[in-house]
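A look at the structure
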Amino acid sequence: MTLKDVTSSTNLTGHMLIAMPGMGDPRFEHSVVFMCDHSDEGAMGLIINKSSDDLDMPTLLTQLSIEMKTDLSDHHVHFGGPVEMGRGFVLHTPDYKSLVTTVEVRDDIHMTATQDILEDLGAGEGPEKWMMALGYAGWGSGQLEGEIAANGWLVCESDPRIVFDLPDGERWGAALESIGVAALALSSEGGRA
């Protein structure tokens, strides 16, 4: 997808944003954002490559008084973005559906934002692959399109392998590689031919 393809009529739901160097907001430096929703009213996504340094799943479930019957110590809680940082979101494979609500963002990546998925994860009955995020990234009407036009983000197709299988530190580079861009070749300066 080229910059010319990204207009206000382009729906980026289910795509990924790749932060460009020099973006100016340290919260998004080297971020990869999975886009959960995009419309004329605005956009919402989850940063998928920034684990919380001080919160893991066992601690989170304990804080929520959710019983853990399985070991989740190898699952990190991610910083999903600076908006509503007390609100949780779980991106997961389609083999799980919440009794309350699960949003099918793509055929292969769904999102659940209700406590029942955390209870199921604690019981070992959740989806096969998943990632937990607190907070989200949000944009008002036209704001994201402006940031893309200003060379703040690159856009690529989502890949469940990048979302669920790679370590955080490899997701940014892998997302760039998916569109044929080498990280060392990036510049914070935009241009027009």
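So, a few notes on the structure that sits alongside this text. Since the structure is predicted, the reported quantities are computational estimates derived from the model, not experimental observations.

Thoughts on the pattern of salt bridges
Here the structure, examined in full by the defined rule, presents six salt bridges. Put simply, Glu 84 and Arg 87 hold a salt bridge, and the shortest N to O gap is 3.9 Å. Here Glu 84 falls in the partly exposed class, since its relative accessible area comes to 43%. The exposure class assigned to Arg 87 is partly exposed, which follows from its relative accessible area of 39%. With its nearest N and O atoms 2.8 Å apart, the salt bridge here joins Asp 108 to Arg 106. For Asp 108, a relative accessible area of 25% gives the class partly exposed.

Description of the packing of aromatic side chains
Here the structure, examined in full by the defined rule, presents three aromatic pairs. Ring centres of Phe 28 and Trp 153 lie 5.7 Å apart, and the angle between their planes is 80°; this geometry places the pair in the edge-to-face category. Placement of Phe 28 in the loop between β1 (15–19) and β2 (32–39) and of Trp 153 in strand β10 (residues 153–157) is noted, with a sequence separation of 125 residues between them. Taking relative accessible area as the criterion, Phe 28 reaches 9% and is therefore assigned buried. Pairing Phe 89 with Tyr 136 gives two aromatic rings, centres 5.8 Å apart and planes at 85°, and the pair type is edge-to-face. Residue Phe 89 is found in strand β6 (residues 83–92), and its partner Tyr 136 is found in strand β9 (residues 130–140); the two are separated by 47 residues along the sequence. Each member of the pair Phe 89 and Tyr 136 is classed as buried. Taken together, the aromatic side chains of Phe 28, Trp 139 and Trp 153 make up a single cluster linked through ring pairs.

Cut-offs used in this document
Residues numbered from 1 in each chain as written. Predicted model: local features only at pLDDT ≥ 70, side-chain atom pairs only at ≥ 80, totals over all residues. Heavy atoms only, no water. Salt bridge = Lys/Arg side-chain N within 4 Å of Asp/Glu carboxyl O. Buried < 20%, exposed > 50% of the residue type's maximum accessible area, 1.4 Å probe, protein only. Phe/Tyr/Trp six-rings, centres within 6.5 Å; stacked < 30°, edge-to-face > 60°. Helix = DSSP H or I, 4+ residues; strand = E, 2+ residues; numbered from the N terminus.

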